[in-house]
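Close look at the chain arrangement
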Amino acid sequence: MPRPTAPRPPRQTDGPRAPFAVYVEGARDGEILRGWARRLSPPLSRSLGSVLVILGGRRPERARSHLDALREDHPGARGLCVLDRDAAAARVEERDGLEAFSWRRGHIESYLLVPAAIRRAARFDRGQEARLDRLLRQHVPDGADEGELARFDAKRLLGPTGPISRQLGRRLQAGRIARAMRAEELHPEVQGLLGRLGEGLGFTLGGPEVTIRARR
């Protein structure tokens, strides 16, 4: 697979913009998105944190209601609903400024399956690192194609009651894994979504570049 690239540092455009809301199913989804955005640019992550709206489970219809209310005062308001593939089956009605995005792999956690990033996020001592490595080799798909990863339940694997957390006796934190990922470890689908979020928040994104630094 080609080495993934990442967009250049975002630059805030001038002038007022209509509100832009980002709808996610749960708080953990928002934390993961912010962790990825922080890796690319802290200003993008901070801006994203102020526009996240938690839907509370598989309830994408709430995004439509929220945006309709927002547009009563701000007719140009727009929103993007970010959903796991199973939740997207509820079909968000894309109209009046609302767009929908669903993960091809099924769950947002599926894009955290980077053993090196999981190791960095865990911050275990040497003895625990060996145990974690053994569990990662046992449970994380190695060399799987996108079709296999789309069927893999990464949400359960990385969850607080998943086999890795259970056998380690310590909870893995999805948001910390996202923050530990390097720009070149971000899947192209993640990069594409962050580009859409940046544009919605008024950032101008440059062309592809592997190393990303926040503009001073």
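It should be noted that the structure appears before, not after, this text.
Residues numbered from 1 in each chain as written. Predicted model: local features only at pLDDT ≥ 70, side-chain atom pairs only at ≥ 80, totals over all residues. Heavy atoms only, no water.

**Some words on the overall build of the protein chain**
Along the backbone of the protein chain there are eleven helices and eight strands. Counting across all 216 residues of the protein chain, residues that qualify as buried make up 45%. For the protein chain, long-range pairs separated by at least 24 residues make up 75% of all intrachain contacts whose partners lie at least 6 apart in sequence. (Helix = DSSP H or I, 4+ residues; strand = E, 2+ residues; numbered from the N terminus. Buried < 20%, exposed > 50% of the residue type's maximum accessible area, 1.4 Å probe, protein only. Contact = heavy atoms within 4.5 Å.)

**Re the layout of surface pockets**
Computed from the structure, the largest pocket encloses a volume of approximately 610 Å³. What lines the largest pocket is a set of 25 residues, and nearest its centre among them are Arg105, Leu113, Val114, Pro115 and Pro141. Counting only elements with at least two residues in the lining of the largest pocket, the list comes to helix H5 (115–122), helix H6 (126–139) and helix H7 (146–151). For the lining of the largest pocket, the element with the most residues is H5, which contributes three residues. When the residues that make up the lining of the largest pocket are grouped by side-chain class, the tally is 14 nonpolar, three polar and eight charged. (1 Å grid on protein atoms, 1.4 Å probe; cavity = no way out; pocket = protein on both sides within 12 Å on 5 of 7 lines; lining within 4 Å. Points joined across faces, edges and corners; volume = space filled by probe spheres on them. Nonpolar A, V, L, I, M, F, W, Y, C, P; charged D, E, K, R; others polar.)

**Regarding helix H11 (residues 188–200)**
Helix length check: H11, at 13 residues, gives a terminal C-alpha distance of 18 Å against a target of 18 Å (1.5 Å per residue), a fit within 8%. For H11, the set of buried residues is Glu189, Val190, Gln191, Leu193, Leu194, Gly195, Leu197, Gly198 and Gly200. At the C-terminal side of H11, glycine 202 shows a positive phi close to 90 degrees. (Expected span 1.5 Å × (residues − 1).)

**Some points on the nonpolar core**
A general tendency of soluble globular proteins is for nonpolar side chains to be buried together. Membership of the largest hydrophobic core comes to 48 residues, with the highest contact counts inside it found for Trp36, Trp103 and Leu112. Sorting elements by how many residues they give to this core places helix H1 (residues 27–40) first, with five residues. Once residues lying within four places of it in the same chain are set aside, the contact partners of tryptophan 103 are Leu33, Trp36, Val82, Leu83, Asp84, Arg85, Ile108, Tyr111, Glu189, Val190 and Leu193. Grouped together as the second largest cluster of nonpolar side chains are ten residues, Tyr23, Val53, Leu55 and Ala77 included. (Core = buried A, V, L, I, M, F, W, Y, C linked by side-chain atoms within 4.5 Å.)

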